[in-house]
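# Observations on the model geometry
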Amino acid sequence: MDCRCYLVIPARLASTRLPRKMLLAETGKPLIQHTYEAALQARLPSGVCIATDSEEIAEAVRSFGGQVRMTDPAAASGTDRVAELARTMPDIDLFVNLQGDEPELGGAAIDMAIQLLQQNPAAHISTLATPIRSRRQWEDPACVKVVFDPQGRALYFSRAPIPYPRQWEDRLLEADPPVFYQHIGLYVYRREVLLDLAKRPPSRLELLERLEQLRALEAGYTILVGVIQYHGCGIDTPEDYRAFVERCRTG
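Structure report, in brief. Here the structure is a predicted model, which is why all the values come from computation and not from measurement.

### Quick look at the overall build of the protein chain
- Assigned secondary structure in the protein chain consists of 9 helices and 9 strands.
- In terms of overall dimensions, the protein chain is globule-like: its C-alpha atoms have a radius of gyration of 17 Å, near the 18 Å expected for 251 residues.
- Referenced to the eigenvectors of the C-alpha coordinate spread, the extents of the protein chain come out at roughly 50 × 45 × 35 Å.
- The long-range fraction of contacts in the protein chain, counting pairs at least 24 apart against all pairs at least 6 apart in sequence, stands at 69%.
- As displayed, the protein chain offers around 12100 Å² of accessible surface, 49% of which is attributable to carbon and sulfur atoms.
- Counting 29 positive and 33 negative side-chain charges, the protein chain places the averaged centre of each group 2 Å from the other.

### Some points on the pairing of strand β8 (residues 181-190)
- Counting buried residues along β8, 10 of its 10 residues qualify, which places the element largely inside the surrounding structure.
- Judged by which residues are buried, β8 turns out to be covered on both faces: Tyr181, His183, Gly185, Tyr187 and Tyr189 on one side and Gln182, Ile184, Leu186, Val188 and Arg190 on the other are all buried.
- Here strand β4 (residues 94-98) pairs with β8 via 5 bridges, running antiparallel. Bridged to Leu98 within β8 is Leu186.
- Here strand β5 (residues 125-131) runs beside β8; their pairing, made up of 7 bridges, is antiparallel. Bridge pairing links Ile125 to Tyr189 in β8.

### Observations regarding the packing of helix α3 (residues 78-86) against helix α6 (residues 191-199)
- Look at α3 against α6: their axes get within 9 Å of each other, and the N-to-C directions meet at 125 degrees. The angle between α3 and α6 falls in the class oblique. Both α3 and α6 take part in a crossing whose hand is left-handed. Side by side, α3 and α6 meet where Thr79, Asp80, Val82, Ala83 and Ala86 of the first sit next to Arg191, Leu194, Leu195 and Ala198 of the second.
- Looking at the contact of α3 with α6 residue by residue, the classes come out as 6 nonpolar, 1 polar and 2 charged.

### Describing the pattern of salt bridges
- Tallying each qualifying case throughout the model produces 14 salt bridges.
- Where Arg215 meets Glu206, a salt bridge forms, and the shortest distance between an N and an O atom there is 2.8 Å.
- A relative accessible area of 10% places Arg215 in the buried class.
- Here the salt bridges share partners, and the residues they tie into one network are Lys21, Asp101 and Asp236.

### Some remarks on the environment of Ala76
- Relative to the elements of secondary structure, Ala76 occurs in the loop between β3 (68-70) and α3.
- Remark: the alpha-carbon pair of Ala76 and Pro202, spanning 126 residues in sequence, is separated by 9.6 Å.

### Brief notes about helix α9 (residues 238-250)
- Taking 1.5 Å of rise per residue, 13 residues should cover 18 Å, and α9 covers 18 Å from first to last C-alpha, within 8% of that figure.
- When we look at burial in α9, the residues that qualify are Tyr241, Phe244 and Val245. When α9 is viewed along its axis, its buried side chains cluster within an angular range of 100 degrees and face the same direction. With respect to the buried face of α9, the exposed residues turned more than 90 degrees away are Arg242 and Thr250.
- Against α1 (31-39) lie the buried residues of α9.
- A positive backbone phi angle near 75 degrees is found at Gly251, which sits one or two residues after α9.

### Topic: the nonpolar core
- Among the nonpolar cores identified, the biggest contains 45 residues, and Ile9, Ile50, Leu105, Ile110 and Leu186 are the most heavily contacted of them.
- The element contributing the most residues to this core is helix α4 (residues 107-119), with 6 residues.
- The residues contacting Ile50, other than those within four sequence positions of it, are Ile9, Ala11, Ile32, Tyr36, Val61, Phe64, Gln67, Val68 and Arg69.
- Residues Val82, Leu85, Val146 and Leu217 belong to the second largest nonpolar core, which totals 33 residues.

Rules used throughout
- Residues numbered from 1 in each chain as written.
- Predicted model: local features only at pLDDT ≥ 70, side-chain atom pairs only at ≥ 80, totals over all residues.
- Heavy atoms only, no water.
- Helix = DSSP H or I, 4+ residues; strand = E, 2+ residues; numbered from the N terminus.
- Rg over C-alpha atoms; globule rule 2.2 N^0.38 Å.
- Contact = heavy atoms within 4.5 Å.
- Areas by Shrake-Rupley, 256 points an atom, 1.4 Å probe, with all protein chains shown as cover.
- Lys, Arg positive; Asp, Glu negative; His and termini not counted.
- Charge placed at Lys NZ, Arg CZ, Asp CG, Glu CD.
- Buried < 20%, exposed > 50% of the residue type's maximum accessible area, 1.4 Å probe, protein only.
- Pairing = 2+ DSSP bridges.
- Axes fitted to C-alpha atoms, helices over the stretch in contact; angles between N-to-C directions.
- Parallel < 35°, antiparallel > 145°, perpendicular 65-115°, else oblique.
- Left-handed = near helix turned anticlockwise from the far one by under 90°.
- Nonpolar A, V, L, I, M, F, W, Y, C, P; charged D, E, K, R; others polar.
- Salt bridge = Lys/Arg side-chain N within 4 Å of Asp/Glu carboxyl O.
- Expected span 1.5 Å × (residues − 1).
- Arc of directions from axis to C-beta.
- Core = buried A, V, L, I, M, F, W, Y, C linked by side-chain atoms within 4.5 Å.

This is the structure:
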């Protein structure tokens, strides 16, 4: 099924664990530029832009030649910023929400998530996950875990270590197929689903875990999960950023 698709990168300046992370530039480029350039490698979106309420971020984007749209400072989440743009783009069927702190997610992975919705018309949202092979990562609340059924439909997302084995064995971390998966910060929404979710108040589980994707699950929407081998990470902490800078320097 052929669908017109557009990619939006929501970006805000305020961040609690890593202040002003979108503009950190120890690599020679601001973090948001790395994410934007990675997004441009995807073949399926008809366009890419950054959605922000920060004039400082907007100036940085313009300085490297990126497309930027200003959004309402009162927007509560990245999804709300993407929905704000979606209301002005009635000809677009699918909207990609790529988190601004995912600078290492390649174009092929983005295209894979888009194709999941193109090939499964009954699904509402798609996202990505990658195997977890470290117990420390599995136990880290900053690492969001996802559990899905054999058809790839998400059952739950959590900061808690899920699924939780009644009896731990180290070999679980090496299992094939994998037992544990980390959720990656990218979503593809059907237009009408995105607009509906933006109208809904935060859900009970969303507020509890501080994970906006739980709003979609509680609303009964199907989220398909595509699995990729991903060696980067979302940038949430100073340690994450230092590791990213090191990977950039070593190539």
